[in-house]
Amino acid sequence: MFRFFLTCLLLTGISSYSNPALQRRSFVSKAGNTIARVGIFGVGLETGLGGPRAAWASEEVDRVTTRMGGLLEKYQDSRGGWIINCPSGWNKFEGEAGAYDVKWQDLVSPNENIKVSSTPVTGEIKEIGKLGAVEELGAKLATKRGAKLLSSEDRLTDGIQFYTFEFSVPETNAHQFLQLSVSKGKIWSLDANALGENRWEKRKDIYKNVLGSFMPKLS
């Protein structure tokens, strides 16, 4: 589902949670030197003669390295070229086609999981800021999936720009962190999930450290 979402992001210039059964439709409208691409999600990325305009992170933040007293352990994916501190003792699943590259899932509560996904991106998109300002993108994502945007963050770590969103979905009582970045010709998504307010509060600090530890390169 999420790779479908990312593919649509690359085709239309914006991303959203949406029903994959919807038919994709797009058109291009021009106004002066600006081109607005509008697709299935009803929102677009404005580009000028120099390509998409980027929104830049304002400050550099160090990668999170804490293991939280053993709650997290380092994981390095040599094939994909990325590192993360993942929850210790969780089940690990490799690459489900069209869904994720790697997933970690709690042994007792399968709804508590973390997924890393990657999708090739066009050459003009070299940082996540090309998709617009973090608050605007977060609001559009929330609207399209019927969720509430609780927070949005824009940071720069080791030269890579990251957007991080926190969502809640009242209808299902689901909570999620979603982190997006661009590196090595791919858009990387990392999502961390839980059901119920109590479970979310229990996992929230762990998830923040997991997201902060992710780096889509090995050096």
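Residues numbered from 1 in each chain as written. Predicted model: local features only at pLDDT ≥ 70, side-chain atom pairs only at ≥ 80, totals over all residues. Heavy atoms only, no water.

On to the layout of surface pockets. Leftover empty space is mapped by rolling, across the atoms, a probe with the size of a water molecule. Roughly 250 Å³ of internal volume is contained in the second largest pocket. If you list the elements that add at least two residues to the lining of the second largest pocket, you get β10 (148-157), β12 (174-183) and α3 (197-213). Counting residues per element, the lining of the second largest pocket draws most heavily on β10, which supplies five residues. Residues belonging to the lining of the second largest pocket are distributed by class as follows: four nonpolar, six polar and four charged. (1 Å grid on protein atoms, 1.4 Å probe; cavity = no way out; pocket = protein on both sides within 12 Å on 5 of 7 lines; lining within 4 Å. Points joined across faces, edges and corners; volume = space filled by probe spheres on them. Helix = DSSP H or I, 4+ residues; strand = E, 2+ residues; numbered from the N terminus. Nonpolar A, V, L, I, M, F, W, Y, C, P; charged D, E, K, R; others polar.)

Turning our attention to the pattern of salt bridges. Tallied over the full model, the rule gives nine salt bridges. Among the ionic pairs, D106 bridges to R203, the shortest N-O distance being 2.9 Å. On the criterion of sequence distance, the pair formed by D106 in the loop between β8 (100-105) and β9 (113-120) and R203 in helix α3 is long-range, its members being 97 residues apart. Accessibility expressed as a relative area gives 11% for R203, which makes it buried. The partner of E112 in a salt bridge is R199, with the nearest N and O atoms 2.5 Å apart. (Salt bridge = Lys/Arg side-chain N within 4 Å of Asp/Glu carboxyl O. Buried < 20%, exposed > 50% of the residue type's maximum accessible area, 1.4 Å probe, protein only.)

Glancing now at the sheet that holds strand β13 (residues 186-195). In space, the seven strands of this open sheet follow the order β7-β8-β9-β13-β12-β11-β10, with antiparallel pairing throughout. The outermost strands of the open sheet, each flanked by one partner alone, are β7 (91-96) and β10. Here the average twist between neighbouring strands, direction ignored, is 15°. Lying over the sheet, helix α2 (residues 134-145) contacts β10, β11 (160-169) and β12, oriented at roughly 35° with respect to β11. In the packing of α3 onto the sheet, the strands contacted are β9, β10, β11, β12 and β13, and the crossing angle to β13 comes to about 155°. (Pairing = 2+ DSSP bridges. Axes fitted to C-alpha atoms, helices over the stretch in contact; angles between N-to-C directions. Contact = heavy atoms within 4.5 Å.)

Now for the nonpolar core. Counting residues in hydrophobic clusters, the biggest one holds 25 residues, and the most contacted among them are W82, I84, W104, I114, V116, Y207 and F214. Among the elements of the structure, β5 (72-77), β6 (82-87), β8, β9, β11, β13 and α3 are those that each provide at least two residues to this core. It is α3 that provides the largest number of residues to this core, a total of five residues. Sequence-distant contacts of I114, defined by excluding residues within four places in its chain, comprise P87, W90, V102, K103, W104, L190, D191, A192, Y207 and V210. (Core = buried A, V, L, I, M, F, W, Y, C linked by side-chain atoms within 4.5 Å.)

This next bit is on the side chain of K115. Looking at where K115 falls in the secondary structure, it is placed in strand β9. Polar side-chain contacts of K115 include one of 3.2 Å to the side chain of N113. Here D191 takes part through its side chain, which lies 2.9 Å from a polar atom of the side chain of K115. Here K115 is in contact with Y100, V102, K103, S189, L190, D191 and N193, once residues within four sequence places are set aside. (Polar contact = N/O pair within 3.5 Å; in protein donor to acceptor, adjacent residues only side chain to side chain.)

Summed over the entire model, instances satisfying the criterion amount to nine aromatic pairs. Measuring from centroid to centroid gives 4.9 Å for F177 and W200, while their planes differ by 50°, and the two rings are tilted. With F177 in strand β12 and W200 in helix α3, the pair connects residues that are 23 residues apart, well separated along the chain. Classification of F177 by relative accessible area gives buried; the value is 5%. The buried category is assigned to W200, whose relative accessible area is 0%. Pairwise contacts between aromatic rings join Y75, W82, W104, W188 and F214 into one cluster. One residue, R145, lies across the ring of F167, its end atom 5.8 Å from the ring centre. (Phe/Tyr/Trp six-rings, centres within 6.5 Å; stacked < 30°, edge-to-face > 60°. Lys NZ or Arg CZ within 6 Å of the ring centre and 35° of its normal.)

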